[in-house]
Amino acid sequence: MAKYIIRRLLWVIVLLFLVSLITFVIFYLLPSADPATLRAGRQPNPAVVAQIRHNLGLDKPWYTQYFNYMKALVLHFNFGYSYTNNVNVRTLIFDRLPATISLTVGAAILFLVLGIGVGTISAVRRRSKFDRAAMGTALVAISAPVYWLGLLALFVFAKDIGKVPIFPGASSYVPISQSPTKWFTSLLLPWIVLAASFAAIYARLLRANLIEVMSEDYIRTARAKGLSERRVIYHHGIRSAITPIVTAAGLDIGVLLGGAILTETVFNIPGIGRLAYDSILAGDLPMIQGTVLLGAFFIVIMNLVVDVAYAFIDPRVRYS
Amino acid sequence: MSTDQAPLLQVEDLKVEFKTDDGIVHAVDGISYSVKAGTTLGIVGESGSGKSVTSLTTMGLTRSRSTSVSGKILFEGKDLTTISADEIRHIRGNEIAMIFQDPLSSLHPFYKVGAQISEGILAHRSVSKAAARDRTIDLLEMVGIPDPHRRVDQYPHEFSGGMRQRAMIAMALANEPKLLIADEPTTALDVTVQAQILALIDDLQKRLGMAVIVITHDLGVVAQIADEIAVMYAGRIVEHTDTRRLFSAPQHPYTWGLLKSIPRLDSPRDEELVPIQGRPPSLVNRPSGCFFHPRCPYLLEDHKRIDPKLEPVPGDVDHQVACLLPDATRREIWQGLRAGKTPEELRALVEPPAATVAATTVPPDQGGGV
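Please read these numbers as outputs of a predicted model, since none were measured by experiment.

Draft legend 1. Spatial organisation of the overall build of chain B. Helix and strand counts for chain B stand at 13 helices and 12 strands. Its C-alpha radius of gyration of 22 Å places chain B within 12% of the 21 Å reference for a compact globule of 370 residues. Oriented by its inertia axes, the alpha-carbon framework of chain B measures out at about 80 × 50 × 45 Å. Every one of the 370 residues in chain B was classed for burial, and the buried ones make up 45%.

Set out below in structure tokens:
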């Protein structure tokens, strides 16, 4: 198991290296705004632009730039400095991370609880009114784009513009270190909006899995033993039906930790997603690199976590 | 077989129907049988003959809104078809236990074998977990699993097929049931392992004095351990007698078909096996008359209309058969079959006299290939 994890971690490094290279190449191959011109202000003097280009190292060939970037990254864990405001990329990313983690963790708790709860009840009471209503709602939640749902939620519930002003609106994010209460209330609406489609997907997934599992032979055995139906469902049924959920949730959480771009943008939460969005607009390569690498890191790590977790969930899975 | 003893399980005119989108499935259609303590009943039939549904209904495992059950299943005088879900749950796995066909899919892949057995003990007995575990180890030893102290903490995938079925048997015996229902207990196993498992069931029955119902499509299995045998076809019992008589003097064309389609050590080396033509009938749209008539080589025109009752063979109250052929003709056909004649050759025995031939338009091979 330890060997397996080490091997996988080495692959993580290779993968991140490839991701950084691809991001770099894409940035240079595809037309984007010239970072030097962007920084030079209005009606820039060509000499100033050239000077800025030299200062940022943009006058060197891309592979030299890439080599220098990687050298700083590997030797000093330095992600470079923003083209737009010279801020240290690493510092800014770590500043922004708590907001994204807050958003992700809250939403994940919400969608797991909702998804598993609703999915279970729907499967156990298949074709009941609850099941029909829940699955209908789930279909709507899956179909609704998160930015639309976010704007709609703001329009209905936000304290500033809402028809039923009960939640703080956009741009109200407060770090947990400042005020846990305000942190919590400011994130309630984003959590619900972000969790909606995930909860719906998970509810449907669990429902389908559980219905299938409940017709397995070992469920018949469990009933034949004279166990209560409750124990049959929870101890034997859900235990099996939930395994695909673990995979899906792990991967989804990995993606979200890399920044929920749409949700963070709609609610103006200063997280990684919002940072990535802004830096793409500004053609700020070091910042883009930083957010992309962070996103890739979370995805591959969560992949590894899911695979390792599987060995604990399913005794038939063993890594060597 | 002692006859003075009251039966442990008595099934009376049991009917089980499932409502489906295709129509009503008549899975079990008015069957009656009884089992006494210490005896073994074999229920034989093809898949879809209703043999598994009968036992699942006994366990209360077919209860649902789309199922309708009529008749009685009396277990120690209690009617299992009418008692509450809670009452039957206390009987299930406790007084009546069941083992299933495929031990791999019948064990939960995520839990240790020992835990799955202990769970059944803890469901019915108020004992400590440690006591349940000790009992589990004893059970594993009783069913012949070597090194039970180590095996108790292994997962099903670490067991071989035969060991898994032994574990299933241990699970079934955990609460010393009065009745053990074994549903195709050896079908998923190798032939040598089959024999071991059957010997184990037989041995445990003698030691524990249980009643056993063995459900199988394999006459070889019931020959080995059953005292009496009920042959089921399309949800009904078509022949019911003790094992010796069923093999020496079978009465129903379906039973003949089953017997002639398996190889026997005492048959001539060059004798060909004769499969039963056609397929089991749909239980939604069942054939008219005798349910077996579309596949019966000895079909007469009347048999398409008349539904035979399960009745004692003349002169033998312990041998019941549901067949429209005259008793003497049946005996002659079986003699012929035993002598190695084919059903086609023997059909002449049932052809009506020449005077009524005009009314019969059935060609000799009408019964074949549905």
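Draft legend 2. Just the overall build of chain A, in detail. The helix and strand tally for chain A stands at 14 helices and 0 strands. The order of α-helices and β-strands along chain A, N terminus first, is α-α-α-α-α-α-α-α-α-α-α-α-α-α. Principal-axis analysis of the C-alpha atoms gives chain A an extent of 85 × 60 × 35 Å. For chain A, the proportion of its 320 residues judged to be buried stands at 37%. Of the contacts formed within chain A by residues at least 6 apart in sequence, a portion of 67% connects residues at least 24 apart.

Draft legend 3. Fine view of the sheet that holds strand β1 (residues 9–20) of chain B. Residue and element names in this part refer to chain B. Taking strand neighbours across the sheet as the criterion, the 4 strands line up as β2-β1-β4-β5 in an open arrangement whose pairing is antiparallel. Strand pairing shows two members of the sheet lacking a second neighbour, β2 (23–35) and β5 (78–79), which therefore form its edges. Across 8 bridges, β1 lies against strand β4 (residues 67–75) in antiparallel orientation. Opposite Glu12, over in β4, you have Lys72 as the bridge partner.

Draft legend 4. Fine view of the interface of chain A and chain B. The interface of chain A with chain B comprises 17 residues on the first partner and 23 residues on the second. Of all elements in the fold, only α9 (217–224) and α10 (229–241) of chain A reach the threshold of two or more residues within the side of chain A that touches chain B. With 6 residues, α9(A) is the single largest residue contributor to the side of chain A that touches chain B. When the residues that make up the side of chain A that touches chain B are grouped by side-chain class, the tally is 4 nonpolar, 5 polar and 8 charged.

Draft legend 5. Just the domain arrangement of chain B, in detail. For chain B, the assigned domains are domain 1 (106–169) and domain 2 (249–359). Centre-to-centre, using C-alpha coordinates, domain 1 of chain B lies 46 Å away from domain 2 of chain B.

Draft legend 6. Region of the structure containing the packing of helix α8 (residues 180–213) of chain A against α10(A). Residue and element names in this part refer to chain A. Following both chains from N to C, one finds α8 and α10 inclined at 125°, their axes separated by 8 Å at the closest point. Taken together, α8 and α10 sit at an angle that is classed as oblique. Our pair here, α8 against α10, has a crossing hand that is right-handed. Residues Leu206, Asn209, Leu210 and Val213 of α8 touch α10, and the partners they reach there are Gly237, Ile238, Ser240 and Ala241. For the contact of α8 with α10, the per-class residue count stands at 5 nonpolar, 3 polar and no charged.

Draft legend 7. The arrangement of the sheet that holds strand β6 (residues 96–99) of chain B in detail. All names here are of chain B. Read from one edge of the open sheet, 8 strands run β6-β7-β8-β3-β9-β10-β12-β11, paired in mixed fashion. A strand with exactly one partner marks an edge of an open sheet, and here the two such strands are β6 and β11 (311–313). Taking the axes of each pair of neighbouring strands and ignoring which way they run, one obtains an average angle of 25° across the sheet. Bridging between β6 and strand β7 (residues 179–183) involves 4 bridges; their strand directions are parallel. In the strand pairing of β7, Ile96 is matched with Leu179.

Draft legend 8. Broad picture of unusual backbone geometry. In the Ramachandran plot, A:Asn268 falls in the positive-phi region, its phi being about 50° despite a non-glycine side chain. Looking at the element boundaries, A:Asn268 is found in the loop between α12 (261–266) and α13 (272–281). The partly exposed category is assigned to A:Asn268, around which 14 C-beta atoms lie within 10 Å. Look at B:Asp13: it is not a glycine, yet its phi comes out positive at around 45°. Relative to the helices and strands, B:Asp13 resides in strand β1.

Draft legend 9. Molecular detail of the domain arrangement of chain A. Residues and elements named next belong to chain A. In terms of domain boundaries, chain A breaks down into domain 1 (2–76) and domain 2 (96–313). Just the C-alpha atoms count here: the centres of domain 1 and domain 2 sit 33 Å apart. Listed by partner, the interface residues are 13 residues for domain 1 and 14 residues for domain 2. When contributions to the side of domain 1 that touches domain 2 are tallied by element, the ones reaching two or more residues are α1 (2–29) and α2 (35–39). Take the side of domain 1 that touches domain 2: its biggest share by element is 9 residues, from α1. When its residues are assigned to classes, the side of domain 1 that touches domain 2 shows 9 nonpolar, 3 polar and 1 charged.

Draft legend 10. Structural view of the environment of B:Leu80. All names here are of chain B. Note on placement: Leu80 falls in the loop between β5 and α2 (85–91). Of the residues examined, Leu80 has 22 C-beta atoms within 10 Å and is grouped as buried. Taking the C-alpha atoms as reference, Leu80 lies 8.5 Å from Thr57; in sequence the two are 23 residues apart. Aside from chain neighbours lying at most four places away, what touches Leu80 is Thr58, Gly60, Ile73, Phe75 and Ile88.

Draft legend 11. Fine view of the nonpolar core. With 102 residues, the main nonpolar core has B:Ala167, B:Ala170, B:Ala172, B:Leu179, B:Val214 and B:Val231 as its most contacted residues. Among all residues touching B:Val231, those that are not within four sequence positions of it are B:Val44, B:Gly45, B:Ile237, B:Val238, B:Glu239, B:His252, B:Tyr254 and B:Thr255. A:Leu103, A:Ala199, A:Leu257 and A:Ala296 belong to the second largest nonpolar core, which has 66 residues in total.

Draft legend 12. Structural view of the pairing of strand β12 (residues 316–321) of chain B. Residue and element names in this part refer to chain B. As paired strands, strand β10 (residues 236–242) and β12 are joined by 2 bridges and run antiparallel to one another. When the bridges of β12 are listed, His240 appears paired with Gln320. The pairing of β11 with β12 spans 3 bridges and is antiparallel. Counterpart to Pro312 in the pairing with β12 is Gln320.

Draft legend 13. Structural view of the packing of helix α7 (residues 146–157) of chain A against α8(A). Residue and element names in this part refer to chain A. Packing of α7 against α8 brings their axes to within 10 Å, and their N-to-C directions diverge by 145°. Classified by chirality, the crossing of α8 by α7 is right-handed. Along the contact surface, α7 presents Val146, Leu149, Gly150, Ala153 and Phe157, while α8 presents Leu189, Val193, Leu194, Ala196 and Ser197. Considering only residue class, the contact of α7 with α8 consists of 8 nonpolar, 2 polar and no charged.

The rules behind the values
Residues numbered from 1 in each chain as written. Chains lettered and ligands numbered in written order. Predicted model: local features only at pLDDT ≥ 70, side-chain atom pairs only at ≥ 80, totals over all residues. Helix = DSSP H or I, 4+ residues; strand = E, 2+ residues; numbered from the N terminus. Rg over C-alpha atoms; globule rule 2.2 N^0.38 Å. Buried ≥ 20, exposed ≤ 12 C-beta atoms within 10 Å, placed from the backbone. Contact = placed C-beta atoms within 7 Å. Pairing = 2+ DSSP bridges. Nonpolar A, V, L, I, M, F, W, Y, C, P; charged D, E, K, R; others polar. Domains from an automatic or database assignment. Axes fitted to C-alpha atoms, helices over the stretch in contact; angles between N-to-C directions. Parallel < 35°, antiparallel > 145°, perpendicular 65-115°, else oblique. Left-handed = near helix turned anticlockwise from the far one by under 90°. Core = buried A, V, L, I, M, F, W, Y, C linked by C-beta atoms within 7 Å.

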